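The lines below spell out each chain.
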Amino acid sequence: MLCKTRGIVLHAIPYNDKYSIIYMYTEAFGRASYLVARNRGKRSTVSKALFMPLSVLEMEVEHLNKRDLHRIRETKLCYPLTELFCNPVKNVLALFLSEVLFRVVKDTEPDSRLFNYLYESIHLLEYADKGVANFHLVFLLRLLHYLGIYPNADSFSSGCYFDMQNGVFIDRIPMHRHYLNQEESMVFARLLKISFENMSLYSFSRQDRVGVINRIVEYYRLHLPEFPEIKSLSVMQSLFD
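Residues numbered from 1 in each chain as written. Predicted model: local features only at pLDDT ≥ 70, side-chain atom pairs only at ≥ 80, totals over all residues. Heavy atoms only, no water.

Peer 1: What am I meant to see in the packing of helix H2 (residues 88–104) against helix H3 (residues 112–127) here?
Peer 2: Two quantities define a packed helix pair, namely the angle between the axes and the distance from one axis to the other. At their nearest, the axes of H2 and H3 sit 11 Å apart, and the two run at 165° to each other. With respect to each other, H2 and H3 are oriented roughly antiparallel. Viewed along their axes, H2 and H3 form a crossing whose handedness is right-handed. The segment H2 lies against H3, with Lys90, Leu93 and Leu101 engaging Leu118, Leu125, Glu126 and Tyr127. A class-by-class count of the residues in the contact of H2 with H3 yields 5 nonpolar, no polar and 2 charged. (Axes fitted to C-alpha atoms, helices over the stretch in contact; angles between N-to-C directions. Helix = DSSP H or I, 4+ residues; strand = E, 2+ residues; numbered from the N terminus. Parallel < 35°, antiparallel > 145°, perpendicular 65-115°, else oblique. Left-handed = near helix turned anticlockwise from the far one by under 90°. Contact = heavy atoms within 4.5 Å. Nonpolar A, V, L, I, M, F, W, Y, C, P; charged D, E, K, R; others polar.)

Okay, structure coming up:
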């Protein structure tokens, strides 16, 4: 079946000497995998240079029933991604966020809300000129909405503790070790109010920024049991030393 769809590149791995597998989140099919030749002729309508992390593509694809790997007939960028490819900070952020998405976005059914969130977020990252150091924090926290595991921010009150296991603020230390102390909980409650519009107003020390992202990753791991170590996390954190 031939179909036109938009897709976001999550990950690429070599399949053999001739082909790579490109994992994508598509508007029409949810998560899907495509077999793409690693070396194409000059007249090819599929350039491997387009398949960078978080590339947003318009594609004509061939989906075959009961097959895990599909084909891309034609593709082009939805919009230029000069900053994402050339700006070293944005490039590493794209690498980190695409690795997270590759690990957490597994549904092979389309979700227009999630796709639109990803599409618009990548567009914002390309053109953002303020608060870029906080972009990944906003992205990961907003993504929790679409994964169905966003914390109950309304339960916050002064002096409480954030129970990471249950996603709520409570007035006493829980009976397990996955919680934030009172100071951390106050910072986290403030962080839950961050958005792409106000991210430039938030400032963190190197130590605080590392602590915040590590806690967010810990929250993901608690609620998504198959969430592995994110290899690009240390590279991304080194950008803001």
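Once the structure has been displayed, the description carries forward.
Peer 1: Would you explain the side chain of His70 in this entry?
Peer 2: Looking at the element boundaries, His70 is found in strand E5 (residues 69–77). Here His70 falls in the buried class, since its relative accessible area comes to 9%. Reaching out from His70, the side chain makes a polar contact with the backbone nitrogen of Leu64 at a distance of 3.2 Å. Here Arg67 takes part through its backbone oxygen, which lies 3.2 Å from a polar atom of the side chain of His70. Sequence-distant contacts of His70, defined by excluding residues within four places in its chain, comprise Ser33, Tyr34, Leu35, Glu62, His63 and Leu64. (Buried < 20%, exposed > 50% of the residue type's maximum accessible area, 1.4 Å probe, protein only. Polar contact = N/O pair within 3.5 Å; in protein donor to acceptor, adjacent residues only side chain to side chain.)

Note that every value here comes from positions in space, so none of it alone points to a role or purpose.
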